[in-house]
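Analysis of the macromolecular model
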Amino acid sequence: VGMLVLVSLVSAAVTTAFFATETGRLAWLDTTLAQQESFGRTISDAQYAVMERIAGLLVYIVPAYTLVVGPLVSMVIAGLLKLGFAVIAGAEATFKQVLGVVAASGVILLLRAFFVLPINYAQESMRGASNLAVLLPMLQPDGFAASFLGMIDLFAVWWVAVLAAGLAVLYRRSAWPIGVTFFSLYGAIAVAIALVRVWAGGS
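What this report covers is the structure whose coordinates are included nearby. Note that the structure is a prediction, hence the values are computed from the model and not measured. Counting starts from 1 at the beginning of each chain's written sequence and moves along it residue by residue. Given that the model is predicted, a residue must reach a pLDDT of at least 70 before its local features are reported, and side-chain atom pairs must reach 80 or more before they are shown or counted; all residues, however, enter totals for whole chains, interfaces and linings. Each side-chain value is derived from all of the structure's non-hydrogen atoms; neither hydrogens nor water enter the calculation.

**Thoughts on helix α6 (residues 154-171)**
Labels follow the DSSP assignment, with helices taken as runs of H or I lasting at least four residues and strands as runs of E lasting at least two, numbered in each case from the N terminus. By definition here, a helix of n residues has an expected span of 1.5 Å times n minus one. Taking 1.5 Å of rise per residue, 18 residues should cover 26 Å, and α6 covers 26 Å from first to last C-alpha, within 8% of that figure. For each residue, the accessible area found with a 1.4 Å probe, counting protein chains only, is set against the maximum for its type, and the residue is called buried under 20%, exposed over 50%, and partly exposed in between. All of the buried residues along α6 are Phe155, Ala156, Trp159, Val160, Leu163, Ala164, Leu167, Ala168 and Tyr171. Two N or O atoms count as a polar contact when they lie within 3.5 Å, although within protein this holds only if one can serve as hydrogen donor and the other as acceptor, and sequence-adjacent residues are included solely when both atoms are side-chain atoms. The distance from a side-chain oxygen at the start of α6 to the backbone nitrogen of phenylalanine 155 is 2.8 Å, and the residue carrying that oxygen is aspartate 153. Residue arginine 172 follows α6 closely and has a positive phi angle near 55°.

**Some points on the pattern of salt bridges**
A side-chain nitrogen of Lys or Arg and a carboxyl oxygen of Asp or Glu constitute a salt bridge if their distance falls within 4 Å. A full pass over the atoms with the stated rule returns three salt bridges. Between glutamate 92 and lysine 82 there is a salt bridge, with the nearest N and O atoms lying 3.7 Å from each other. Residue glutamate 92 is found in the loop between α3 (45-89) and α4 (95-123), and its partner lysine 82 is found in helix α3; the two are separated by ten residues along the sequence. A salt bridge links arginine 112 to aspartate 153, with the shortest nitrogen-to-oxygen separation between them at 3.1 Å. Here arginine 112, found in helix α4, pairs with aspartate 153, found in the loop between α5 (144-151) and α6; they are 41 residues apart in sequence, far enough to count as distant. The partly exposed category is assigned to arginine 112, whose relative accessible area is 28%.

So this is what it looks like as structure tokens:
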């Protein structure tokens, strides 16, 4: 619980500081607009005006979301992992122990904020600064390869690896099968989202 609270508080402080600036709000607008367009949607002037109003409220929305939804998501993930290991592997651990692993691995995502937000501020955009697509700018922006690689965030990969290692220690299992399972799910989700974006953009 202590780690969960610490990660949530620091994350809320860092992201709130970012969105308290005009640059942070413009970066959010730029990214949100790009995401909508990647799914083939056209934003009207009225919709853009609503987005601008939301951007002005982010300094209040972000800390509330981070402090409330963040811990809840961690608890849901911990519950699903506990259930999955119990059903699939017949392995038992307390919810508190699994939540401890999830909370500790969240430090990686906190490090991502410290790395990415300064880059976002400098670029005035929140478009992925730590995904694989950044390394291959020659790819067609609306193509499958760029969409798929854009979903592969280096810090998310690091987080999955740390989470798998922590669960392996907790359940006294080999980390490799756990890691392969997690990365397979991650890859499947990335492929699905990339396909949807390509299909929506083409339509």
